[in-house]
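Examining the three-dimensional arrangement
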Amino acid sequence: MSNFALGSYMPMDSVVHKMDPRSKIIIMLLLMISIFIPSGITGYICIGIFICFVLFLSKLSIKYAFRSMKPMLFMMIFLLVINVLVIKTGIPWIQWGWFSIYSDAIYQTLYIVVRLLYMIIITTILTATTKPLDLTLGIEKLLKPLEKIKFPAHIIAMMISIALRFIPTLIEETQRIMNAQASRGVDLDNGSLKEKLMAILSLIVPLFISAFDRADQLANAMEARGYNPNAQRTRYKVLKMSSLDYIGLISSSFLLILNIAICFVL
Amino acid sequence: MSIEIHNLEHTYNAGTTFSHAAIKGINLQIPDGKVTAIIGQTGSGKSTLVQHFNGLLLPTAGSLEVCGFHIQPLLKIKDVKKLRKEVGLVFQFPEYQLFEETIEKDIAFGPKNFGASEQEAQDLVKKILPVVGLDESYLERSPFELSGGQKRRIAIAGILVLNPKVLVLDEPTAGLDPQGAKEMMTLFMNLNKKENKTVILVTHDMEHVMKYCDHVIVMDHGKVLHEADVKEFFQKPEWLLSIGINPPSIVRLKCMLIEKGFEIPDSILDEESLLECIKGQVIQHV
């Protein structure tokens, strides 16, 4: 549990790692939109090639990309089963008493699988090639224009980065409290329902208390340093778009247009 | 011997890219009924070691014998609860494990987990409060309205109430003021002297080691660097400094006096005999 890293950033030296987080976020959004355009098999193959190319450029191993799918496996299987059973249009392929599977069900299900697969790979590439803090910086910069309509972009970015920062800390804390309570005879695996509830309570209450404590301390520390969310501030790290970013943006927009075209033509 | 350790090794996340060897082969015997100090720099494996004593961690290699329990890799300990009742482990900053509405309920939580009835648990709580220096007026109060030092007493009472034979304390005085630390140490010493409990103390405070402990184990990078009786241990201050341990003030004072030409035998380690020794030499000179 201690090696859990959010989005598990993989420090490597690749073209994708070097890209500006802003452009990476926009490219991700463009790809997501492309995925949801019903452009049939041709469209999906185009997107697939594009994603494979990006995956190759990012130097991430295929194994890593597939491992990130593990947590989604259950949901995918669940969706597949429901889909196959519910859709009743097209030609019936298997008929067995009340149980029947139709051709449309299979096609639809395949589309869903491909979409989910693509989405997971895209987000994995984004989080594996971008440090969490760069990601929030990117989000902040992208939301900047919205500040004109009083949207608190900086505050939201700050909240996200604080939340990300404290995930490992909280996991460590949980482990510590679990050990401490185990020493007092708590058994999280065995016991009646009431005992289990009590065990979970003995974990959650201290966790909340220490989280609030930390929040309080952090707020004081920030205030002591004169933090003001509305102040104009300069950055140690200044985001800069390179030609690479423009190539990425142009090619992914092209992919989106291509998909829209395919959708209307076919 | 209540705890015997044979070739103990522990590696976190073994077999992954995050693998980290915290303990690399330790052989130790911890004497019964004594106060043993485990010292060493941060990251030397002290906390990992003590978590083996009550079965929170299982060794990656080697084995342990703790109070008649045999602990070895991959083997689930039979009746691990019984082991945890024999070996009470108090973590660093134990006040963070409090969670109940009242102090009485919080202290009674442990005994109830080990199968005590409501009435038995309440009786045990009443008995343990004076041991940690608090009275019955605290029973109905919330643990969260107390001061840091008092919270820690409650948390320690939560372990003591289980009446363990071996008490393992991971830096019990960290963050306490000198007075509070002294009271805390006196409490543990009383348990050791009066109830003959084995006490294992993980600490950074050399004054405490010298004053209260019988036996010292020095750990460094997952190995035992040195093991000695306290009296011998502080006789070679140069060696202590060479491994990054700041000797207690009295040992430092002794060194300074020797530098100025006093003759002080190695065995003198307390203020009074030191004073006596210097007095004699000063009078001779005058």
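Per-chain numbering applies: the sequence of each chain, read as written, is numbered from 1 onward. Chain A is the first chain written and ligand 1 is the first ligand written, with later ones labelled in order. Only residues with pLDDT of at least 70 get local features here, since the model is predicted, and only at 80 or more are side-chain atom pairs given and counted; chain-wide, interface and lining totals rely on the full set of residues.

Here we come to unusual backbone geometry. All names here are of chain B. Despite not being glycine, phenylalanine 93 has its phi angle at roughly 45°, a positive value. We call a residue exposed when 12 or fewer other C-beta atoms sit within 10 Å of its C-beta, buried when the count reaches 20 or more, and partly exposed for counts in between; the C-beta positions come from the backbone. Its 19 C-beta neighbours within 10 Å are what place phenylalanine 93 among the partly exposed residues. Phi angles above zero are rare outside glycine, and asparagine 163 is one such case at about 55°. Structurally, the position occupied by asparagine 163 is in the loop between helix H5 (148-160) and strand E7 (166-170). Using a count of 15 C-beta atoms within 10 Å as the deciding quantity, one classes asparagine 163 as partly exposed. Segments assigned H or I by DSSP are reported as helices when at least four residues long, segments assigned E as strands when at least two residues long, and all are numbered from the N terminus.

All names here are of chain B. The six strands are arranged E6-E7-E8-E3-E9-E10 in an open sheet whose pairing can be described as mixed. The open sheet has two edge strands, strand E6 (87-90) and strand E10 (223-229), and neither has a second partner. With strand direction ignored, the average angle separating the axes of adjacent strands in the sheet is 15°. When DSSP finds at least two bridges between two strands, those strands are taken to pair. Bridge count between strand E3 (residues 35-40) and strand E9 (residues 215-220): five bridges; the pairing is parallel. From the neighbouring strand, alanine 37 faces E9, where its bridge partner is valine 216. With C-beta atoms placed from the backbone, a contact is any residue pair whose C-beta atoms sit within 7 Å. Orientation is described by axes fitted as lines to C-alpha atoms, over the contacting stretch for helices, and by angles from 0 to 180 degrees between their N-to-C directions. Across the sheet, helix H6 (residues 178-195) is in contact with E3, E7 and strand E8 (198-202); its angle to E8 comes to roughly 150°.

Moving on, we come to the interface of chain B and chain A. Opposite the 21 residues of chain B that make contact, chain A presents 17 residues. Those elements that place two or more of their residues in the side of chain B that touches chain A are helix H2 (80-86), helix H3 (103-113) and H5 of chain B. The biggest single contributor to the side of chain B that touches chain A is H3(B), with three residues.

Residue and element names in this part refer to chain A. The positions UniProt marks with the feature "transmembrane region" (unreviewed entry) are residues 25-57, 73-94, 106-130, 151-171 and 243-262. Counted over residues 25-57, helix gives 88% and strand 0%. Its end C-alpha atoms are 17 Å apart. Segment residues 151-171 splits into 90% helix and 0% strand. End C-alpha atoms: 32 Å apart. UniProt positions are given in the numbering used here, feature names are shortened, and annotations may be inferred rather than shown by experiment.

Our focus in this paragraph is the environment of Ala219(A). All names here are of chain A. By the element assignment, alanine 219 lies in helix H9 (residues 193-224). C-beta crowding within 10 Å serves as the criterion here: with 11 such atoms nearby, alanine 219 is assigned to the exposed category. Considered as a pair, alanine 219 and methionine 19 are 200 residues apart in the sequence and their alpha carbons are 33 Å apart.

Moving on: the sheet that holds strand E2 (residues 20-30) of chain B. All names here are of chain B. Taken in spatial order, the four strands of this open sheet run E2-E1-E4-E5, and their pairing is antiparallel. With one partner strand each, in any of the chains shown, E2 and strand E5 (69-71) form the two edges of the open sheet. The average angle at which neighbouring strand axes cross in this sheet is 20°, direction not considered. Sheet strands in contact with helix H1 (residues 46-53) are strand E1 (3-12), E2, strand E4 (61-66) and E5, and its direction is about 60° off that of E2.

Once that is clear, we can look at the domain arrangement of chain A. Interfaces are often sized by the accessible area lost when the parts come together. These domain limits were set by an automatic method or by a database of domain assignments. Taken domain by domain, chain A comprises domain 1 (1-131 + 240-266) and domain 2 (153-228). Here the C-alpha centre of domain 2 of chain A lies 34 Å away from the C-alpha centre of domain 1 of chain A.

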